[in-house]
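Here is what each chain is made of, one letter per residue.
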Amino acid sequence: MLAFDAVPAAEIPMDARPPAAHAAFVRAPWRWPTRRIAYFNAARANAGAVRKAVRAWNGSGTRLRFVRTSRRRARVVIRYWPSQACVPGGVTSTSFDQRSGRAVRAVVRISRPDPLNAACTHWALTLVTAHELGHALGLDHETRRCALMNPTLANISPQLCRPSLPPWQWRCRILERDDVRGAVRVYGGRAKRRGRAVCDLFKAPATPGSLTAAPDGTGALAVGFARPITPRPPPHVLAGPGSFIAAARTGACPATPAEADTGFESAWTVPDGAVQTTRLLPAAPGQVCVAVWARDGVGRLSPAPATTVVSVP
Ligand SMILES: [Zn+2]
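Residues numbered from 1 in each chain as written. Predicted model: local features only at pLDDT ≥ 70, side-chain atom pairs only at ≥ 80, totals over all residues. Heavy atoms only, no water.

Enquirer: Any chance you could explain the sheet that holds strand β16 (residues 306-312) here in plain terms?
Expert: Paired through their backbone hydrogen bonds, the strands of a sheet run either parallel or antiparallel. With antiparallel pairing, the four strands of this open sheet are ordered in space as β13-β12-β15-β16. The strands lining the two open edges of the sheet, one partner per strand, are β13 (262-267) and β16. When strand polarity is set aside, the average angle formed by the axes of neighbouring strands in this sheet is 20 degrees. Note: strand β12 (residues 243-250) against β13, six bridges, orientation antiparallel. Across the sheet, Phe244 pairs through a bridge with Ser266, a residue of β13. (Pairing = 2+ DSSP bridges. Helix = DSSP H or I, 4+ residues; strand = E, 2+ residues; numbered from the N terminus. Axes fitted to C-alpha atoms, helices over the stretch in contact; angles between N-to-C directions.)

Structure representation (C-alpha cells):
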C-alpha cells in the first residue's frame, strides 16, 4: 500500500496514501461550524508532538482553538496507523455535510514514533500532525510557496521553504504565513508575529578549552587544548566521530580556518574533556596566532576558535 522505497530518504511525504476504507470520504472545502474544535489524541507516544502542533495553531492568531477533550466528545481524533513500523506521512479523513460544507468529524492518522527514522522523529511528527490538523480545519495543499501545507517534507522542513535545511536543523516555526492566512480567511482573527524559522536539533560543539602553544625547539609549535564535551546527535542523524582543526596565522588571528596561513584537520585521539596535544608548523616567524576549532560529526564548527598568540623567532 505504501511505497516506502520510492521515497528518497531526504523527502518525506506529508501525507501517506489513505487506505481504501477511507476512500468514501470526500476531500473538498469544509469548515467547522464552531471556532472550538474538540480533539482527542489516541496516539499517546506522540503526545509531545501533538501538543506542539496544537499549540502552533492555537497561538497563530486564528480565531480557532483546538481543545482537548475525551474520546467520546472529540470531533477530531488523532490515531496511529495500524502499522507498528514508521509510516512516513499522515492522513486526515474528514466527513462533512456536502450541502452546507460543515465538518462533522475528522480522523488524523500519524505514525508511531521511531527515533531512528527521520520521518518518524518527534520533530517530523510535529510538522506532520500540524499539517494534518491544517487539513482537518479545511486547508488543502499549497504547491507554489513555502507553507506547512506543502505536500512534502524535505528533511524536517516543508519542501518549498528555503533555505533547504541541513540534517541537524528543523523548521521549528511550524506554521508559515501562507498557512495562517488561509486559516484566518476561514475562521477570522489576525496572524500573529511568528517566531524564528529554523532551530537546531542539537547544539554545535563548544570551543576547545585551555589552549596553549609554545615553540618546541624544532621550528614547530607544541599545542595543547581540551576537547570540549560534544552534544550527541539524535539517533536518526548520521554523524561521524568529530574532529578538530588546528591552524596558525602570522600577524593576526584567523576568524575562519580559510583565513589561516597553515593548518590541518585531525580526528581526536582523546575522550571528551581530556587534553589533546599536537604540533603545528607556522608559515612565518613573528607574532603567530594559533587557533583551534572543534568540528562535530555532521561538519559543524564550534562558533568561535580558541586562540592564543605566541612569539616565534
Ligand atoms: Zn497533506
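Enquirer: I'm lost on the domain arrangement of the protein in this one. Help?
Expert: Note: interface size is frequently given as the accessible area lost on complex formation between the parts. In terms of domain boundaries, the protein breaks down into domain 1 (4-200) and domain 2 (209-312). Taking the mean C-alpha position of each, domain 1 and domain 2 sit 44 Å from one another. Contact residues are listed per partner, giving 10 residues for domain 1 and six residues for domain 2. Around 650 Å² of area is buried between domain 1 and domain 2 when both sides are counted, 72% of it from carbon and sulfur atoms. Linking domain 1 with domain 2 are one salt bridge. Here Arg300 ties to Asp200 by a salt bridge, and the two come within 3.2 Å at their closest N and O atoms. At the boundary of domain 1 and domain 2, one finds two residue pairs in polar contact (both at pLDDT 80 or more). (Domains from an automatic or database assignment. Contact = heavy atoms within 4.5 Å. Buried area = accessible area lost by both parts, 1.4 Å probe. Salt bridge = Lys/Arg side-chain N within 4 Å of Asp/Glu carboxyl O. Polar contact = N/O pair within 3.5 Å; in protein donor to acceptor, adjacent residues only side chain to side chain.)

Enquirer: For this particular structure, what's the right way to read the side chain of His135?
Expert: Tracing the backbone shows His135 in helix α2 (residues 122-137). A residue is classified by how much of its surface remains accessible, and His135, at 2% relative accessible area, is buried. Of the polar contacts made by the side chain of His135, one reaches the side chain of His141; its length is 3.2 Å. (Buried < 20%, exposed > 50% of the residue type's maximum accessible area, 1.4 Å probe, protein only.)

Enquirer: What is the right way to read the pattern of salt bridges from this model?
Expert: Side-chain pairs of opposite charge can arise whenever the charged atoms involved come near each other. Applying the stated criterion to the full structure yields 13 salt bridges. Here Arg194 and Glu176 are joined by a salt bridge, their closest N and O atoms 3.6 Å apart. Placement of the pair is Arg194 in the loop between α3 (177-187) and β9 (199-200) and Glu176 in the loop between β8 (169-170) and α3, with a sequence separation of 18 residues. Overall, Arg194 belongs to the partly exposed group, its relative accessible area being 30%.

Enquirer: Would you explain the environment of Pro115 in this entry?
Expert: Within the secondary structure, Pro115 sits in the loop between β6 (103-110) and α2. Residues Pro115 and Val67, spaced 48 residues apart in sequence, show a C-alpha to C-alpha distance of 28 Å.

Enquirer: How do you make sense of the pairing of strand β3 (residues 65-68) when you look at a structure like this?
Expert: On a regular strand, each side chain points to the face opposite its neighbour's, so the side chains alternate between the two faces of the sheet. Where strand β2 (residues 36-41) and β3 come together, four bridges link them in parallel fashion. By the bridge assignment for β3, Arg36 is matched with Arg65. The parallel pair β2 and β3, bridged by helix α1 (residues 47-58), forms a crossover whose chirality is right-handed. (Right-handed = clockwise from strand over helix to strand, strands pointing away.)

Enquirer: Even after reading the chapter, I still don't get the pairing of strand β14 (residues 275-280), so can you show me in this structure?
Expert: Of the two faces of β14, only the one carrying Gln276, Thr278 and Leu280 is buried; Val275, Thr277 and Arg279 on the other face are not. When strand β11 (residues 221-226) meets β14, the two strands line up antiparallel, connected through six bridges. Bridging across to β14, Leu221 finds its partner in Leu280.

Enquirer: Can you help me understand the environment of Ala49 in this one?
Expert: Mapping Ala49 onto the fold places it in helix α1. When the C-alpha positions of Ala49 and Val128 are compared, they lie 9.1 Å apart, and in sequence the two are 79 residues distant. Setting aside residues no more than four positions away along its own chain, Ala49 makes contact with His122, Leu125 and Thr126.

Enquirer: Looking at this structure, how should I read the confidence of the model for the protein?
Expert: Predicted coordinates in areas of low pLDDT are best not read in detail. With 91% of its residues at a pLDDT of 70 or more, the protein shows a mean pLDDT of 88. This model gives residues 1-10 a pLDDT under 50, and the stretch forms 13 contacts once residues within four places in sequence are excluded. The model gives residues 18-28 a pLDDT under 50, and that stretch makes 15 contacts with residues more than four places away or in other chains. (pLDDT = per-residue confidence, 0-100.)

Enquirer: Would you explain the sheet that holds strand β5 (residues 91-96) in this entry?
Expert: Pairing is mixed across the open sheet formed by five strands, whose spatial order is β3-β2-β4-β6-β5. Each edge of the sheet is formed by a strand with only one pairing partner; in this case those strands are β3 and β5. Within the sheet, the average angular offset between the axes of one strand and its neighbour, ignoring direction, is 25 degrees. Where β2 lies against strand β4 (residues 76-80), three bridges are found, and the strand directions are parallel.

Enquirer: When you look at unusual backbone geometry in this model, what are you seeing that I'm missing?
Expert: The backbone of Asn155 shows a phi angle near 50 degrees, a positive value even though the residue is not glycine. Assessed through its relative accessible area of 26%, Asn155 is described here as partly exposed. For Ser210, which is not glycine, the phi torsion reads 45 degrees and is therefore positive. Take Ser210: its relative accessible area is 61%, and that puts it in the exposed class.

Enquirer: Looking at this model, I keep getting lost on the side chain of Thr230. Mind explaining?
Expert: By the element assignment, Thr230 lies in the loop between β11 and β12. According to the relative accessible area criterion, Thr230 is buried, its value standing at 14%. Beyond its immediate stretch of four places on either side in the chain, Thr230 contacts Pro205, Asp272 and Asp296.

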